[in-house]
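# Secondary and tertiary structure notes
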Amino acid sequence: MSGEMAPGRGELRASDKDREQIVELLRVAAGDGRLSADELDERLEAALTARTYGELDALLADLPGAGPALARGVAATLPKELTRIAVGSASAKRDGDWVVPQRMQVECKSGSVVLDFTGAVITSPTLEIEASVGSGSVTLVVPPDVLVDVEDVAVGSGSVQNRTRVAPGTPVRLRVHVTGKVGPGSITVR
């Protein structure tokens, strides 16, 4: 083995999990309108049969945002399954390029929680939020291609307001389903 060079990252063998992660990123790119149906089919087939990281990297090379994601490693852009946010009388905010998880549990007693999706890294088509709001407030700030459903929230003496609508013909990038309960506080989607 002495004198032999170790293979570069592009020559290393990819795992099934690596291939699945690239498939998810390709589906998100297609959902954003960056790939046609034919391009998606072609790249999905190539992703599922890729043997090395180099082959997988090539499938994302012309997609915006893929470069930094690959530099950090694909796993860095994959969402957590569950994120919990709990505040008493404090405040919590998620904004910028935070990675949206698959599920969130938000508990807000008398403080405030702001979830700003306008710059978020969205890699999954759905997000389930279970909210428990006392006298505090939870605010979701969403871009025009994010659909939020708050119909399954039980309201005590507070309020639930969804001030957003997805325009007809707009491809929906993320569907957020909010469940839970609101006491005298509020949940607002804007």
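Preceding this paragraph is the structure being described.
### A few points about helix α1 (residues 16-31)
For α1, spanning 16 residues, the distance from its first C-alpha to its last is 23 Å, which sits close to the expected 22 Å at 1.5 Å a residue. Buried within α1 we find D18, R19, Q21, I22, V23, L25, L26, V28, A29 and A30. Buried residues belonging to α1 abut α2 (37-49) and α3 (53-60). Directly after α1, the chain includes G33, whose backbone phi takes a positive value near 85°.

### A short note on α2
Over its 13 residues, α2 runs 19 Å from end to end, which matches the ideal 18 Å to within 8%, given 1.5 Å per residue. Within α2, burial applies to L40, R43, L44 and A47. Each buried residue of α2 sits inside an arc of 110° when the element is viewed along its axis, so together they form one side. For α2, the exposed residues set more than 90 degrees away from the buried face come down to D38, E42, E45 and T49.

### Re the pattern of salt bridges
For the structure shown, the criterion picks out five salt bridges. Here K109 ties to E107 by a salt bridge, and the two come within 4.0 Å at their closest N and O atoms. Overall, E107 belongs to the partly exposed group, its relative accessible area being 35%.

### Structural notes on the pairing of strand β5 (residues 126-133)
Residue alternation in β5 divides its side chains into a buried set, L127, I129, A131 and V133, and an unburied set, T126, E128, E130 and S132. Bridge count between strand β3 (residues 103-108) and β5: six bridges; the pairing is parallel. The residue bridging Q105 from the neighbouring strand is E130, located in β5. Relative to strand β9 (residues 174-182), β5 is paired through eight bridges, and the arrangement is parallel.

### Here we look at the sheet that holds strand β6 (residues 137-141)
What the five strands build is an open sheet, ordered β2-β4-β6-β10-β8; its pairing is parallel. Bordering the open sheet on either side are β2 (91-94) and β8 (159-162), each of which pairs with just one other strand. Averaged over all adjacent pairs, the angle separating strand axes in this sheet is 5°, with direction ignored. Sheet topology note: the β6/strand β10 (residues 186-189) ladder contains four bridges and is parallel. Note that in β10 the partner of V138 across the bridge is I187.

### Quick look at the packing of α1 against α2
Close contact between α1 and α2 brings their axes to 9 Å; oriented N to C, the two are set at 170°. One finds that α1 runs roughly antiparallel with respect to α2. On α2, the residues touching R19, I22, V23, L26, R27 and A30 of α1 are L40, R43, L44, A47 and L48. For the contact of α1 with α2, the class distribution of residues is eight nonpolar, no polar and three charged.

Conventions adopted
- Residues numbered from 1 in each chain as written.
- Predicted model: local features only at pLDDT ≥ 70, side-chain atom pairs only at ≥ 80, totals over all residues.
- Heavy atoms only, no water.
- Helix = DSSP H or I, 4+ residues; strand = E, 2+ residues; numbered from the N terminus.
- Expected span 1.5 Å × (residues − 1).
- Buried < 20%, exposed > 50% of the residue type's maximum accessible area, 1.4 Å probe, protein only.
- Contact = heavy atoms within 4.5 Å.
- Arc of directions from axis to C-beta.
- Salt bridge = Lys/Arg side-chain N within 4 Å of Asp/Glu carboxyl O.
- Pairing = 2+ DSSP bridges.
- Axes fitted to C-alpha atoms, helices over the stretch in contact; angles between N-to-C directions.
- Parallel < 35°, antiparallel > 145°, perpendicular 65-115°, else oblique.
- Nonpolar A, V, L, I, M, F, W, Y, C, P; charged D, E, K, R; others polar.

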